[in-house]
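Letter by letter, the chains look like this.
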Amino acid sequence: MAGKIVSVEARHAAWVRDMIDNGSFANMEVVDSNGLDVAKSPSVVLSAAAPFIKSKIDVSDLPTY
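Owing to the predicted nature of the structure, the values given are computational and were not obtained by experimental measurement. (Residues numbered from 1 in each chain as written. Predicted model: local features only at pLDDT ≥ 70, side-chain atom pairs only at ≥ 80, totals over all residues. Heavy atoms only, no water.)

Caption draft 1: Layout of the overall build of the protein chain. For the protein chain, the count of helices and strands is two helices and zero strands. The C-alpha atoms of the protein chain give 14 Å as radius of gyration, which overshoots the globular expectation for 65 residues (11 Å, by more than 25%). Taken over the C-alpha atoms alone, the protein chain extends approximately 40 × 25 × 25 Å along its principal axes. The 65 residues of the protein chain split such that 9% are buried. Total accessible area computed for the protein chain in this model is approximately 5800 Å², and 62% of it derives from carbon and sulfur atoms. Charged side chains in the protein chain number 6 positive and 8 negative. The centres of these two groups are separated by 7 Å. (Helix = DSSP H or I, 4+ residues; strand = E, 2+ residues; numbered from the N terminus. Rg over C-alpha atoms; globule rule 2.2 N^0.38 Å. Buried < 20%, exposed > 50% of the residue type's maximum accessible area, 1.4 Å probe, protein only. Areas by Shrake-Rupley, 256 points an atom, 1.4 Å probe, with all protein chains shown as cover. Lys, Arg positive; Asp, Glu negative; His and termini not counted. Charge placed at Lys NZ, Arg CZ, Asp CG, Glu CD.)

Caption draft 2: How the structure looks around the environment of Ala 50. By secondary structure assignment, the location of Ala 50 is in the segment after helix H2 (42–49). Ala 50 sits in the partly exposed class, given a relative accessible area of 39%. In sequence terms Ala 50 and Asn 22 are 28 residues apart; their C-alpha atoms lie 31 Å from each other.

Caption draft 3: Quick peek at the layout of surface pockets. Approximately 410 Å³ is the volume found for the largest pocket. Its residues assigned to classes, the lining of the largest pocket comprises seven nonpolar, no polar and five charged. (1 Å grid on protein atoms, 1.4 Å probe; cavity = no way out; pocket = protein on both sides within 12 Å on 5 of 7 lines; lining within 4 Å. Points joined across faces, edges and corners; volume = space filled by probe spheres on them. Nonpolar A, V, L, I, M, F, W, Y, C, P; charged D, E, K, R; others polar.)

Caption draft 4: Focus on the environment of Phe 25. Mapped onto the fold, Phe 25 is located in the loop between helix H1 (2–20) and H2. Residue class for Phe 25 comes out partly exposed when judged on its relative accessible area of 39%. Sequence-wise, Phe 25 and Ala 49 are 24 residues apart; in three dimensions their C-alpha atoms are separated by 23 Å. Setting aside anything within four residues of it in sequence, one finds Phe 25 in contact with Arg 11, Ala 14, Trp 15, Asp 18 and Val 30. (Contact = heavy atoms within 4.5 Å.)

In structure tokens, the structure reads:
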């Protein structure tokens, strides 16, 4: 269920972004040349989420691409 919610919220965010900047719904900033979402490494995601996380999270064992 949570996976479905995340997917819908991502589409909502993309729609709002496109409303603000027409034509950006799926531009190269968010979609790669294969049509896949641009991925971020675990450390980049953790850095962005850090202000909202109270527990220490170690991502050093997670794979990078």
